[in-house]
Amino acid sequence: MLFGGVRGDHEPYADSILLFSLAVPCPDKATSIPFAASTRSLSRRRNQPFTGLKSLSPMLKEKSFPTGSKSHPVTRKENVMKHRHAIIILAAVLTVLVSAAAVVPAEAGDPKGNAFGWNNTQGHSVQLGPRPFFLVQDMDEGPLKETLKQCTEGPFKRTDFSIGHRGAGLQFPEHTRESYVAAARMGAGIVECDVTFTSDRELVCRHSQCDLHTTTNILAIPELAAKCSVPFTPSDGTTPASVECCTSDLTLEEFKSLKGKMDAYNEWGTTVEEYMDATPNYRTDLYSTDGTLMTHAESINLFKSLGVKFTPELKSPSVAMPYEDDYTQEEYAQQMIDEYKMAGVSAKKVYAQSFNLYDVEYWIHAEPEFGAQAVFLDGRYEDPAFDQTDPTTWDPSMDELVDKGVNIIAPPMNLLLNLDDNDQIVPSVYAVDARAAGLDIITWTLERSGFLKSGGEFYYESITDVIDNDGDMLTVLDVLAQDVGIIGIFSDWPATVTFYANCMGL
Ligand SMILES: [Ca+2]
Ligand SMILES: [Ca+2]
């Protein structure tokens, strides 16, 4: 029955594979200026010149004031009344048009042309759906549950505490336009594009340079599948299937022709179809019919129009660097920042992440404004020499990270939590030490573990003894927010975090 799973990305050393576990992402920071951003962009749009009046006005006049009709003489008084009526109608029409213009996002080339389905004059309304309330009902009895029950009627608003991990990966194919829009809809104040590059060195959003065979339909397109670094070999029943398809195997144009699917694979698949059909039962293929892949630049444009902030992660290349002997790691790291500068995005809205401390240090020195809130993703737990309970094994130490100019550290949430002697969830030594050194903490990833009835696996590893129902994730979130003092958390379903943060005023 164990056939495959989701690409394990306990992200740093990204090619490990965990059967039926989830990939790990990255987080970012939260202050809370959610709505201000969308309000500002809204007023900018309102200030844009409206050009529809000239053509509309004559048309209305002609319809309202037919001339030369002797059989229907028009008195001066009636004429004035009709003028008034026309002006009222014209004003009404203009009001509608101006309102529409005000809410149409400024994203160039919006392929669906529908303003993401939003249609209101108050900015992007936040909608949480039923899941957060399902989780509150599922919580163990206690004061936190009673507090959260008081918040179920809203109002709900966007918050930077809520970070969309690869968009909204619980139900939408990761790093697709649809997934990003869903994250913003659920109140994520910050959304993530994991960044890698194509053969023509264009930056694109994918969790790994070599995950196209699990996150897209590439294997179903023979001419593109033929370009994969490792062509598909099906399982023969005793040996797992093998395949590896990388963004660097394709040009940007070829990459853009793919469609996103839920990240999963069946390693025992004896056909392409069997290999691709493996979405875990706590996810869904319901929104995977037309997943739109994006370049990093397109994600910037989209996030700007959605009014959300940015947390790009520079993914470790799977090819040797310098790529083709002349594309260096520094150029790659710089290219990512340059795309924000070219788009006119303030560094204050960008939380660049990397598991590679060298990348973070590069930004701190080469792009200090971006470096000031760059996020060091801590993947050192995969190093056998690293003991999360023993600070003497942490190299560099928290203080040394601060000395290097690092301001934000982002470990997986299991590193931040422990159980005390009474089996209460409490901050870990790691969490206390990071805060004491002056580091801000972002963590990952909520809503990525499926059902929690069996302890929650990786993300709950350090507290697994007290995890036995899905509502427990809100208890864990509360400890992270109130006791650890995180500034934000990545989630595969941002609505859950948005709900909690709104209730607690975060
Ligand atoms: Ca990530
Ligand atoms: Ca419980």
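Quick caveat: nothing in here was measured; it's all calculated off a predicted structure. (Residues numbered from 1 in each chain as written. Chains lettered and ligands numbered in written order. Predicted model: local features only at pLDDT ≥ 70, side-chain atom pairs only at ≥ 80, totals over all residues.)

1. A few points about the packing of helix 6 (residues 177-185) against helix 11 (residues 296-306)
Across the interface, helix 6 lies against helix 11 with an axial gap of 11 Å and an inter-helix angle of 25°. Classed by the angle they form, the pair helix 6 and helix 11 counts as roughly parallel. Between helix 6 and helix 11 lies a crossing of right-handed hand. Mapping the contact onto sequence places Arg177, Tyr180, Val181 and Ala184 in helix 6 and Ser299, Leu302 and Leu306 in helix 11. (Axes fitted to C-alpha atoms, helices over the stretch in contact; angles between N-to-C directions. Helix = DSSP H or I, 4+ residues; strand = E, 2+ residues; numbered from the N terminus. Parallel < 35°, antiparallel > 145°, perpendicular 65-115°, else oblique. Left-handed = near helix turned anticlockwise from the far one by under 90°. Contact = placed C-beta atoms within 7 Å.)

2. A word on the environment of leucine 224
Mapped onto the fold, leucine 224 is located in helix 8 (residues 222-225). Along the sequence, leucine 224 and serine 257 sit 33 residues apart, while their C-alpha atoms lie 9.6 Å from each other. In this structure, leucine 224 is in contact with Ile218, Leu250 and Glu254, ignoring residues within four places of it in sequence.

3. Some details on the pairing of strand 19 (residues 488-491)
Neither face of strand 19 is exposed, since Gly488 and Phe490 on one face and Ile489 and Ser491 on the opposite face are all buried. Sheet analysis places strand 3 (residues 159-164) next to strand 19, joined by three bridges and oriented parallel. If you follow glycine 164 over to strand 19, its bridge partner there is serine 491. Pairing between strand 18 (residues 440-446) and strand 19: three bridges, direction parallel. If you follow threonine 443 over to strand 19, its bridge partner there is isoleucine 489. (Buried ≥ 20, exposed ≤ 12 C-beta atoms within 10 Å, placed from the backbone. Pairing = 2+ DSSP bridges.)

4. Regarding helix 16 (residues 429-437)
Considered for burial, the residues of helix 16 that qualify are Tyr430, Ala431 and Ala434. When helix 16 is viewed along its axis, its buried side chains cluster within an angular range of 100° and face the same direction. The elements touched by buried residues of helix 16 are helix 15 (398-403), strand 15 (408-410), strand 17 (425-427), strand 18 and helix 17 (472-484). Just downstream of helix 16 lies glycine 438, where phi reads positive at about 100°. (Arc of directions from axis to C-beta.)

5. Quick look at unusual backbone geometry
That bond from glycine 154 to proline 155 is cis: its omega, 5°, falls within 30 degrees of zero. Assignment of secondary structure puts proline 155 in the loop between helix 5 (143-149) and strand 3. Positive phi, close to 65°, is recorded for glutamate 447, a residue that is not glycine. Inspection of the secondary structure puts glutamate 447 in the loop between strand 18 and helix 17. Residue glutamate 457 is not a glycine yet carries a positive backbone phi of 55°. Relative to the assigned elements, glutamate 457 resides in the loop between strand 18 and helix 17.

6. Things to note about the nonpolar core
Judged by nonpolar contacts, the single largest core of 113 residues is most densely connected at Ala352, Val375, Phe376, Leu416, Ile441, Leu480 and Ile489. Of all the elements, helix 17 adds the most residues to this core, at seven residues. Apart from residues no more than four positions distant in its own chain, leucine 480 is found in contact with Met413, Leu416, Thr443, Ile486 and Ile489. (Core = buried A, V, L, I, M, F, W, Y, C linked by C-beta atoms within 7 Å.)

7. Details of the packing of helix 4 (residues 131-138) against helix 18 (residues 494-504)
Remark: helix 4 packs on helix 18, axes separated minimally by 8 Å, with the N-to-C direction vectors making an angle of 70°. In this view, helix 4 runs roughly perpendicular relative to helix 18, as classed from their interaxial angle. Where helix 4 crosses over helix 18, the two elements pack in a sense that is right-handed. In contact with Arg131, Pro132 and Leu135 of helix 4, helix 18 contributes Ala495, Thr496 and Phe499. Across the contact of helix 4 with helix 18, the residue classes break down as four nonpolar, one polar and one charged. (Nonpolar A, V, L, I, M, F, W, Y, C, P; charged D, E, K, R; others polar.)

8. Describing the environment of glycine 260
Tracing the backbone through its elements, the reader meets glycine 260 in strand 9 (residues 259-260). The class for glycine 260 is buried, based on 27 C-beta atoms found within 10 Å. Residues glycine 260 and threonine 214, spaced 46 residues apart in sequence, show a C-alpha to C-alpha distance of 9.2 Å. In contact with glycine 260, not counting residues within four places along its chain, are Pro173, His175, Thr176, Thr215, Thr216, Gly291, Thr292 and Leu293.

9. Thoughts on helix 12 (residues 329-342)
The end-to-end C-alpha distance of helix 12, which contains 14 residues, comes to 20 Å, matching closely the 20 Å that a straight helix rising 1.5 Å per residue would cover. Among all positions in helix 12, only Tyr332, Ala333, Met336, Ile337 and Tyr340 are buried. Directly beyond the C-terminal end of helix 12, a positive phi value near 70° is found at glycine 344. (Expected span 1.5 Å × (residues − 1).)

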